[in-house]
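Here is what each chain is made of, one letter per residue.
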Amino acid sequence: MKYLRACVIMACLSGVFFARAQENTADTVKKTRVYLEHADTRSFNKNIDDQRQVLNGNVVFRHDSSFMYCDSAYFYERDVSLEAFGTVRMEQGDTLFVYGDYLFYDGNIELARMRRNVRMVNVQQDSSIVTLYTDSLDYNRITNICYYFEGGRVVDVENELTSVYGQYSPGTKIAVFNDSVCLTNPNFVLYSDTLEYSTETKIATILGPSVIESDSGTVYSTRGWYDTQENTSLLLDRSQVFSGEKILTGDSLLYDRANGVGTAFGNMTLRDTAQNMTLTGHYGYSEEKTEYAFATDSACALEYSQGDTLFLHADTLELITVDSTSRYMRAAGGVRFYRSDIQGICDLMLFNTKDSVLHMYGKPVLWSEKQQLSGDSIIIYMADTTVDHIHVPSSALSVQQVDSGCFNQLGGNDLKAYFYGKNVEHLDVDGNAETIYYPLQENGTIEVFNYTQTSYFSLWMDEEGQMKKLKWWPYTTGKTVPLPDLTEEQKTLKKFAWHEALRPVDRYDIFRFYRRKTTETDAPPPETDSTRAVDGMSSVPETIN
C-alpha cells in the first residue's frame, strides 16, 4: 500500500515538472513572422505548391526591423521564408543596405542569402560609407555578420581590400579576409594570406604571411598591425623592412613609413648590402631619408671584405651619411674589434668611407700578428679594405714579445707602421726615438740586450717579424748589455705597457667586459670579468656575404 502511494505521488510530481518544462520551453522559443507589407498582385497555384504565394510589383516584406524590397517574390508564410527576384534591396535601420538580383531569406534562423551583383552599403558613425561588392553574400542577422566566399571587394574612404573569402560585421566595423588578400592604398599595397581590417580605425591587423610594397621600400611580416591613416605599424615575429640597399630585421619593429623611420627591439639586424656592412644589437634605429642608423645593447658591426670579416663591438654604434660619397661609422664606449689580421680596443672610433681612414681615441691599442701598437691616438689608413699603414701621432709605442719577460720595444713622439699583406714591413719613428731589442742567436737563444736612443729611426722587418734592417740619424747613443747583467729597470722603456690580456682573440671575445689596469703592465683580468659576455653575443653571425 505504501509502495503504491509513493508511485502515485511521483507520477503527479513528474506531471507537474513536465508541464512546467513545456511552459518554460515554449516561453524561450522565439516567435517570429515575416510580414508582407505590400504587393501589387498576389496569387496561388495549388497544383504547383499550395504553400507558395506568388507576388509581383513593388513587393515589400518586413521582419522585425528589417525591410526587403523586390520586383517579384515567392512567399512561404508558414515556413517563414521567401525568395525575392529582380531589383532586390534589403534595409536594416538607416545604416545597412544590401542590393542584389536574388535573395533567399529564412526568418527562422534570420539568414539572408543574396546572389549576383551584390552590393552591401554600411554607413559609419562619421557618415562615411563602406561598400562590399561580391556575387555571393550570406548575412546572418543574429550575429550581424556578412560572409562572402566566391571573391569580394570592400571599399572605404582610405582603402580597397579584395580576397577570395571574407566576412564583415556592420556592428563592430571589423572585416576579416582570407586567401589572396590585397589591400590597396594610394601610398602602398599590402598582400596577405589573412588580414583583419577595421573600417572605423583604418587599422589592418596582419594575421598571416604578408608583404607591404611602396615607393620607399618593402615590408615582410607574418604578424602585427598597420595604421593605414597614420602610415605607422608594429610588426612582430622577425619582420623585415627593405629600404633601398638596407634591410632592417627585429623581433619587433615599429615602422613609420611616412617618415621612413624604423625602430627595432630584440635581436636587431641592419644590413647594408651596398657597403657589405651589418649592425646588430638588441635595440636599433634607422632613418631612410637621412640614411642614419643607430644600434646599442650588445651592439656589433660586421664589415666583410677581402674574404674576411671585421667584428666590432661598442656600447653604441652609429652610421652617419654625409652625402653620396661620404659616410661615417662612430663607435663609442668599450670599443673592441677583431679580424684575423688585426685587433684593437679603444674608447672611441671613427671611420670615414670617403677616405677609408679609421681614427681610434681614448687609450687605443692595436695588434697585428705579433706586433702591438699604442699611443694617445691611432690613425689607420686603408687601401682596398686592407691596412696600408698606421700612424700614431703622439706617445707612440710598438711592442713585440720575444720570450717570457723579453720584449722588443720601439717608442717615440710619432710613429708610422707600413704593412705588406698582414705583416708590418717597415716602421718609422720621428722624435725622441728609443728602442730595446733582443737579438736572437742562430740557436734561438737570447744572449744580449741592445738599447738605442736617437731622433729619427727606421726599421725594416721580415715575414717572421724579425729585424731585417735598421737605420737611425743624426745622433745616436746606445749600449749592449749581456742578459745576465741586465736589471729589471733596464728591460723596458719608461712608458712600456703590455696589453695582451686585453686583446680580442675571436669574434665572441669582442663582447668581453674588461677593466684597464692603472699599472704600466696589464695583468690578466679576473676570471669573472674576462669570461663575462654581454647577452646575445652568441647571435653574432660567422660572416656576412
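Residues numbered from 1 in each chain as written. Predicted model: local features only at pLDDT ≥ 70, side-chain atom pairs only at ≥ 80, totals over all residues. Heavy atoms only, no water.

K.L.:
I keep staring at the side chain of Thr-199 and nothing clicks. Help me out?
P.N.:
Secondary-structure assignment places Thr-199 in the loop between strand 14 (188–198) and strand 15 (203–206). Excluding anything up to four places from it in sequence, Thr-199 contacts Gln-124, Val-130, Asp-156, Tyr-168 and Lys-173. (Helix = DSSP H or I, 4+ residues; strand = E, 2+ residues; numbered from the N terminus. Contact = heavy atoms within 4.5 Å.)

K.L.:
What is the right way to look at unusual backbone geometry in this model?
P.N.:
For residues that are not glycine, phi is negative in most cases, and the peptide bond is trans in most cases. One non-glycine residue with positive phi stands out, namely Asn-267, at about 50°. By the element assignment, Asn-267 lies in strand 21 (residues 261–272). On the basis of relative accessibility, which here comes to 32%, the residue Asn-267 falls in the partly exposed class. The backbone of Ser-298 shows a phi angle near 65°, a positive value even though the residue is not glycine. (Buried < 20%, exposed > 50% of the residue type's maximum accessible area, 1.4 Å probe, protein only.)

K.L.:
Help me understand the confidence of the model for the protein, please; the structure alone is not making it clear to me.
P.N.:
The predicted structure's coordinates, where accompanied by low pLDDT, should not be read in detail. Across the protein, the average pLDDT comes to 85, with 88% of residues at 70 or higher. Mean pLDDT values over the elements of the protein span from 33, in helix 2 (residues 527–531), up to 97, in strand 11 (residues 160–163). The low-confidence segment residues 1–30 (pLDDT under 50) makes two contacts with residues lying over four places distant or belonging to another chain. Here residues 519–545 scores under 50 on pLDDT; set against residues more than four positions off or in separate chains, the count is 60 contacts. (pLDDT = per-residue confidence, 0-100.)

K.L.:
Explain the packing of aromatic side chains to me, please; I cannot follow it from the model alone.
P.N.:
The relative placement of two aromatic rings is captured by the distance of their centres and the angle of their planes. Taken as a whole and judged by the stated rule, the model has 11 aromatic pairs. For the ring pair Phe-85 and Tyr-102, a centre distance of 5.5 Å and an interplane angle of 50° mean the geometry is tilted. Taken as a pair, Phe-85 in strand 5 (residues 81–92) and Tyr-102 in strand 6 (residues 96–106) lie far apart in primary sequence, 17 residues in all. For the ring pair Tyr-283 and Phe-294, a centre distance of 6.4 Å and an interplane angle of 70° mean the geometry is edge-to-face. One end of the pair, Tyr-283, is in strand 22 (residues 277–287); the other, Phe-294, is in strand 23 (residues 292–296), and 11 residues separate them in sequence. Judged by its relative accessible area of 22%, Phe-294 is partly exposed. Connected via pairs of aromatic rings, a cluster forms that spans Tyr-74, Phe-85 and Tyr-102. Over the aromatic face of Tyr-133 sits the side chain of Arg-153, whose NZ or CZ is 4.3 Å from the ring centroid. (Phe/Tyr/Trp six-rings, centres within 6.5 Å; stacked < 30°, edge-to-face > 60°. Lys NZ or Arg CZ within 6 Å of the ring centre and 35° of its normal.)

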